[in-house]
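In case you want the letters, here they are:
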Amino acid sequence: MAIEAVIWDFGGVFTTSPFEAFRRFEARRGLPMDFIRRVNAADPDANAWALFERNEIDAAAFDAMFLEEAARLGHAVRGAEVLPLLSGEVRPRVVAALKACKARFKVGCITNNVVTGHGTGMAGSAEKAEAIADIFAQFDVVIESSKAGVRKPDPRIYQMMCERLVVDPARCIYLDDLGVNCKPAAALGMTAIKVTTEDQALEDLAAATGLAF
């Protein structure tokens, strides 16, 4: 079927992955590699991360609850220490690809985010927030977990995007740096692209759209 829409995740796609920042933090603190991801993966629908991304708790509650969860896994890490790690660096080539896609297709963004930092992209500074706001302005539709009250990988958030873009899932491409978030998109019929590197993502997107990036 002909592609009508390209739907994007934000962090780890338009910006460098927060996982890279997590690993640097873990190395500085002498924590096991991927410890923060392990905390986030425990009880993934009801843990501090999930509740914060659905805006069911505030930053203070996240700070305390994440600390409790991390301590249960053997290391005391406050949630407030993790939040600044979420703001990555913008990838200009991916932004250019978005603009190229927008010229031909509908474009949307589904982002799991929290109410922290500056703006939708959780930027670490007002200057970076302005640059990120320019990216978000390109999308026809943006769905934020913290505003929608639902987060990926819940299939409802993908269905919400298709309804708002007025497009069949089978006519959509979806990009995300997490495989767990790509699976529901693929199950709905979307062409799912797991972003592992910038080069790979652009190559796969070019193949799926017929565009050159």
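Higher on the page you've got the structure.
To start, this report covers the structure provided alongside it. (Residues numbered from 1 in each chain as written. Predicted model: local features only at pLDDT ≥ 70, side-chain atom pairs only at ≥ 80, totals over all residues. Heavy atoms only, no water.)

With that settled, the discussion passes to the overall build of the protein. Each helix and strand counted, the protein has eleven helices and five strands in total. A compact globule built from 213 residues should have a C-alpha radius of gyration of about 17 Å, and the protein, at 17 Å, falls within 12% of that. Along the longest, intermediate and shortest principal axes, the C-alpha atoms of the protein span 50 × 30 × 30 Å. A total of 213 residues make up the protein; the buried ones form 48% of that total. Partitioning the contacts of the protein with sequence separation of at least 6, the portion at a separation of at least 24 is 65%. Taking the average place of the 24 positive charges on the side chains of the protein and the average place of its 29 negative ones, the gap between the two points comes to 2 Å. (Helix = DSSP H or I, 4+ residues; strand = E, 2+ residues; numbered from the N terminus. Rg over C-alpha atoms; globule rule 2.2 N^0.38 Å. Buried < 20%, exposed > 50% of the residue type's maximum accessible area, 1.4 Å probe, protein only. Contact = heavy atoms within 4.5 Å. Lys, Arg positive; Asp, Glu negative; His and termini not counted. Charge placed at Lys NZ, Arg CZ, Asp CG, Glu CD.)

Before going further, it helps to spend a moment on the packing of aromatic side chains. Tallying each qualifying case throughout the model produces twelve aromatic pairs. Consider the rings of Phe10 and Phe14, whose centres lie 5.5 Å apart with planes at 25°: the pair is stacked. Here Phe10 falls in the buried class, since its relative accessible area comes to 3%. Between the aromatic rings of Phe62 and Phe66, the centroid separation amounts to 5.6 Å while the plane-to-plane angle is 45°, which identifies the pairing as tilted. Highlighted residues: Phe62 and Phe66, both in helix 4 (residues 59–72), separated by four residues, approximately one helical turn. Side by side, Phe62 and Phe66 carry an identical accessibility label, which is buried. One aromatic cluster in this structure is built from Phe19, Phe22, Trp49, Phe52, Phe62 and Phe66. (Phe/Tyr/Trp six-rings, centres within 6.5 Å; stacked < 30°, edge-to-face > 60°.)

Quick look at helix 9 (residues 155–165) now. By the burial criterion, the buried members of helix 9 are Ile157, Tyr158, Met161, Cys162 and Leu165. What you see down the axis of helix 9 is that its buried residues fit within an arc of 140°, all on one side. Among the exposed residues of helix 9, those pointing more than 90 degrees away from its buried face are Arg156, Glu163 and Arg164. Where the residues of helix 9 are buried, they touch strand 1 (5–8), strand 2 (106–111), strand 3 (141–144), strand 4 (172–176) and helix 10 (179–187). Just beyond helix 9, the residue with positive phi is Val166, at close to 55°. (Arc of directions from axis to C-beta.)

This part covers the state of the cysteines. All chains considered together, the criterion is met by zero disulfides. Of the cysteine sulfurs around Cys101, a residue in no disulfide, the closest is that of Cys172, at 12 Å. Since its relative accessible area comes to 0%, Cys101 is described here as buried. Cys172 forms no disulfide, and the closest cysteine sulfur to it belongs to Cys162, at a distance of 4.2 Å. Residue Cys172 is classed as buried on the basis of its relative accessible area of 0%. (Disulfide = S-S within 2.5 Å.)

Within the largest apolar cluster, 26 residues are counted, with the highest numbers of intra-cluster contacts made by Val6, Trp8, Phe14, Cys101, Phe139, Leu175 and Leu205. Residue assignment for this core shows that the elements contributing at least two residues are strand 1, helix 6 (92–102), strand 2, helix 7 (126–136), strand 4 and helix 11 (198–209). The leading source of residues in this core is helix 6, at five residues. In terms of nonpolar packing, the next biggest core, distinct from the first, is built from 22 residues, Phe19, Val39, Phe62 and Ala70 among them. (Core = buried A, V, L, I, M, F, W, Y, C linked by side-chain atoms within 4.5 Å.)

Further remarks concern the environment of Asn181. Within the element layout of this structure, Asn181 appears in helix 10. Distance from Asn181 to Lys152, taken between C-alpha atoms, is 5.9 Å for residues 29 residues apart in sequence. Asn181 has contacts with Lys152, Pro153, Tyr158, Tyr174 and Asp176, leaving out every residue within four places of it along the chain.

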